[in-house]
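One letter stands for each residue in the lines below.
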Amino acid sequence: MRDTAPREAERAEAGPGEAGRVVGEPARPGPAAAQVGPAVGDGAGLEVTSAVVRYGGRRGRAGTTAVDGVSLSVAPGEVVALLGPSGCGKSSLLRAVAGLEPLAGGRVVFGGDDLAGVPVHRRGFGLMFQDGQLFPHRDVSRNVAYGLEAAGVPRAERAARVAELLSDVGLDGYGPRAVATLSGGERQRVALARALAPRPRLLLLDEPLSALDRGLRERLAAELREVLVATRTTAVFVTHDHDEAFAVADRVAVMDRGRLLQVAPPAELWGAPASRRVAEFLGYQAFVPEGLAGTTGRPGADSAAADGPGEREPGGSGDRLVAVGPAGLRVLCGLDNPARATLPGLRWEAAVVATAFRRGRVEVTVDVDLGAGTERLVALSDVGPVAPGALVTPVGPRSGGGLPVTGDTVTVALDPAGCATVPAG
Ligand SMILES: Nc1ncnc2c1ncn2[C@@H]1O[C@H](COP(=O)(O)OP(=O)(O)OP(=O)(O)O)[C@@H](O)[C@H]1O
């Protein structure tokens, strides 16, 4: 996708004018925040039905089915993230919606119109890519104005719209700057302003932030959402980063191997992943049979660690798993630790591999067998608040409390607040 993107972006952005839409027409009604659910069947927004995208497969070769029967609705003003591991078909689906890839099956409908046979530049969609794809010979203003020029918008109106967009993306006064003088984040903001300028009826974003460093990505993700909501833009956003998907989207569509596994608002997806695969992809780090985890009763019961390995009581349904999130495993240090009394369920003995102070909390990497063999997991330490200097001379629990150190054996327990349950299998 990236190799051909400049040409594709140009074609797509030239589109709105050719499609006959008047730049400067009023924004579509309805705030994004109020339109979380899909408007299925009412003819508005985007409707993808049973989409199939295939590559190759000529001369007796099987080829690749990149998108395998995906159905997805995006309501007007809604932002949907396509989230999934590399190669799961996110870009292929986006390209099919844009018209850059032919469908081998299914339909793409926008505003009630089937887009079969409608070329990229007549769909009225905007595209934005990973590396911005700015025109190097144009300054910032003329980059943003590109689609407006192509649509024949008068100069004064163009200038007003460009100024408005630069302000929207936090680049007031950047108009005369040469693009070569911009930072990576500034380039992406210009690319966003350019994509939004013709008021596309749908904005398609393919990993727009992934070329940026982590801190900048987090900031720009929040800003991107603000701009999309403020401009009431309907958007589909491709990413492999769940934090980014959660920060930007009203709903997140999780893809794997060409199929859609789950579509839900971020909090719902995080709280109730539909399957182990979805949970794994969201960052849940381990899975324990619900009966074995015992998190549903016996608060404060010190069983496994006290009784030793192999004494756990399997039981309960066995058909659901407790998915242990990044904050779902806790180290219990010190007898006066309040978590010891309040966390329900079993305790396990764990060998400390490393301790790190990260984002204001202590993360302890441990080797532990929660029932599926020894796994290397991250547990949060209850010791705190910790002054950064305390890490210089950490004190292990064997010497009477404090931070665990490499080689310690510690007790860990599940924190239900950081866990979810998923169907087994
Ligand atoms: N032009 C192509 N020709 C042949 N196979 C392709 C082509 N484009 C993509 N594929 C294959 O289709 C599958 C899906 O690719 P796609 O780029 O849609 O995935 P993705 O989820 O966007 O991945 P990434 O996050 O790495 O960009 C992959 O197996 C990929 O190798």
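Here the structure is shown first, and the text comes after it.
Residues numbered from 1 in each chain as written. Predicted model: local features only at pLDDT ≥ 70, side-chain atom pairs only at ≥ 80, totals over all residues.

Draft legend 1. Main features of helix α5 (residues 155-168). Over its 14 residues, α5 runs 20 Å from end to end, which matches the ideal 20 Å to within 8%, given 1.5 Å per residue. Residues Arg158, Arg161, Val162, Leu165 and Leu166 constitute the buried set of α5. Viewed along the axis of α5, the buried residues span an arc of 135°, placing them on a single side of the element. α5 presents Ala156, Glu157 and Ser167 as exposed residues on the side facing more than 90 degrees away from its buried surface. Each element contacted by the buried residues of α5 is listed here: α3 (140-144), α4 (146-150) and α6 (184-196). (Helix = DSSP H or I, 4+ residues; strand = E, 2+ residues; numbered from the N terminus. Expected span 1.5 Å × (residues − 1). Buried ≥ 20, exposed ≤ 12 C-beta atoms within 10 Å, placed from the backbone. Arc of directions from axis to C-beta. Contact = placed C-beta atoms within 7 Å.)

Draft legend 2. Spatial organisation of the environment of Arg177. Within the fold, Arg177 resides in the loop between α5 and α6. Expressed as a C-alpha distance, the spacing of Arg177 and Arg138, which sit 39 residues apart in the sequence, is 9.2 Å. Filtering out sequence-adjacent residues up to four positions away, Arg177 remains in contact with Asp139, Val140 and Leu182.

Draft legend 3. Quick peek at the sheet that holds strand β14 (residues 347-358). With mixed pairing, five strands are arranged side by side around a closed barrel as β13-β16-β15-β14-β17. Each neighbouring strand pair of the sheet contributes to a mean axis angle of 50°, computed without reference to strand direction. In this sheet, strand β15 (residues 361-369) lies alongside β14 in antiparallel orientation, the contact comprising eight bridges. Within β15, the position partnered with Ala350 by the bridge is Val368. (Pairing = 2+ DSSP bridges. Axes fitted to C-alpha atoms, helices over the stretch in contact; angles between N-to-C directions.)

Draft legend 4. Region of the structure containing the pairing of strand β17 (residues 409-414). Of all six residues in β17, five are buried, a share of seventy percent or more. Pairing between β14 and β17: five bridges, direction antiparallel. Bridge assignment links Ala350 to a residue of β17, and that residue is Val410.

Draft legend 5. Highlighting the sheet that holds strand β12 (residues 320-324). Pairing is antiparallel across the open sheet formed by three strands, whose spatial order is β11-β12-β18. If you trace the sheet from one side to the other, it starts and ends with β11 (286-289) and β18 (419-423), each paired once. Here the average twist between neighbouring strands, direction ignored, is 35°. By the bridge criterion, five bridges tie β12 to β18 in an arrangement that is antiparallel. Counted as the bridge partner of Val322 is Thr421 from β18.

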